[in-house]
Amino acid sequence: MAGEFGTYINEKRKGRGVNGADILLRDLAQAMGNMSVSYLSDIMKGRRNPPDINLLEIMAEVLKLSADEKAEMFDLAGRERDEAAPDLPQYIMDENIPHVRAALRKAKKKGLGDDFWKHINDEIDKKE
């Protein structure tokens, strides 16, 4: 899956700049704390891992990502790093909600799939 993150970011740069122009890689790199354009280019090409959560947050802001687009970006970054999406570990490991970890472990042990989690999502949506 290497490169999916970069492909996604490159697609989101299109037409989101001033007056509908593309957001340039150098402008994105500058917003990310003067990251070098070549380093950012390597990330976009899948030669380096996606950046950490703080830089992903900056990318989301510069690219004007919607909440759903931002979630997808986090998922792609996590998959490319072969780890959980970077916006989730802090919540999962929160000492005040140990049932999150217990539920995930039980679901894993029982081999519960996407149908189960879709049902859980539907239940969560009812709470809003």
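Refer to the preceding data block for the structure.
Residues numbered from 1 in each chain as written. Predicted model: local features only at pLDDT ≥ 70, side-chain atom pairs only at ≥ 80, totals over all residues. Heavy atoms only, no water.

A.B. asks: So what's going on with the overall build of the protein? Which residues, and what values?
C.D. replies: Within the protein, the secondary structure is distributed over eight helices and zero strands. Secondary structure of the protein in N-to-C order comes out as α-α-α-α-α-α-α-α. Viewed in the frame of its principal axes, the protein has a C-alpha envelope of about 45 × 30 × 25 Å. Counting only residues that meet the buried cut, the protein has 30% of its 128 residues in that class. (Helix = DSSP H or I, 4+ residues; strand = E, 2+ residues; numbered from the N terminus. Buried < 20%, exposed > 50% of the residue type's maximum accessible area, 1.4 Å probe, protein only.)

A.B. asks: Tell me about helix H4 (residues 53–62), residues and numbers included.
C.D. replies: Residues of H4 that are buried: Leu55, Leu56, Met59 and Ala60. End-on, the buried residues of H4 take up no more than an arc of 145°, which puts them together on one face. The exposed residues of H4 that point more than 90 degrees off its buried face are Asn54 and Glu61. Each element contacted by the buried residues of H4 is listed here: helix H1 (4–13), helix H2 (25–31), helix H3 (37–44) and helix H5 (67–81). Its side-chain oxygen placed 3.1 Å from the backbone nitrogen of Asn54, Asp52 serves as the N-cap of H4. Just beyond H4, the residue with positive phi is Lys64, at close to 55°. (Arc of directions from axis to C-beta. Contact = heavy atoms within 4.5 Å. Polar contact = N/O pair within 3.5 Å; in protein donor to acceptor, adjacent residues only side chain to side chain.)

A.B. asks: Give a detailed account of the side chain of Arg13, specifying residues and quantitative values.
C.D. replies: You can see Arg13 is positioned in helix H1. No salt bridge is formed by the buried Arg13; its nearest oppositely charged neighbour, Asp22, is found at 6.7 Å. A polar contact is formed between the side chain of Arg13 and the side chain of Asn10, at a distance of 3.0 Å. If near-sequence neighbours (up to four positions away) are discounted, Arg13 is found in contact with Ala21, Asp22, Ile23, Leu24, Leu25, Leu28 and Leu63. (Lys, Arg positive; Asp, Glu negative; His and termini not counted. Salt bridge = Lys/Arg side-chain N within 4 Å of Asp/Glu carboxyl O.)

A.B. asks: Break down the packing of aromatic side chains for me, citing the residues and quoting the values.
C.D. replies: Considering all chains together, one arrives at one aromatic pair under this definition. Here the aromatic rings of Phe116 and Trp117 are separated by 5.0 Å at their centres, their planes lie at 80°, and the arrangement is edge-to-face. Using a relative accessible area of 30% as the deciding quantity, one classes Phe116 as partly exposed. (Phe/Tyr/Trp six-rings, centres within 6.5 Å; stacked < 30°, edge-to-face > 60°.)

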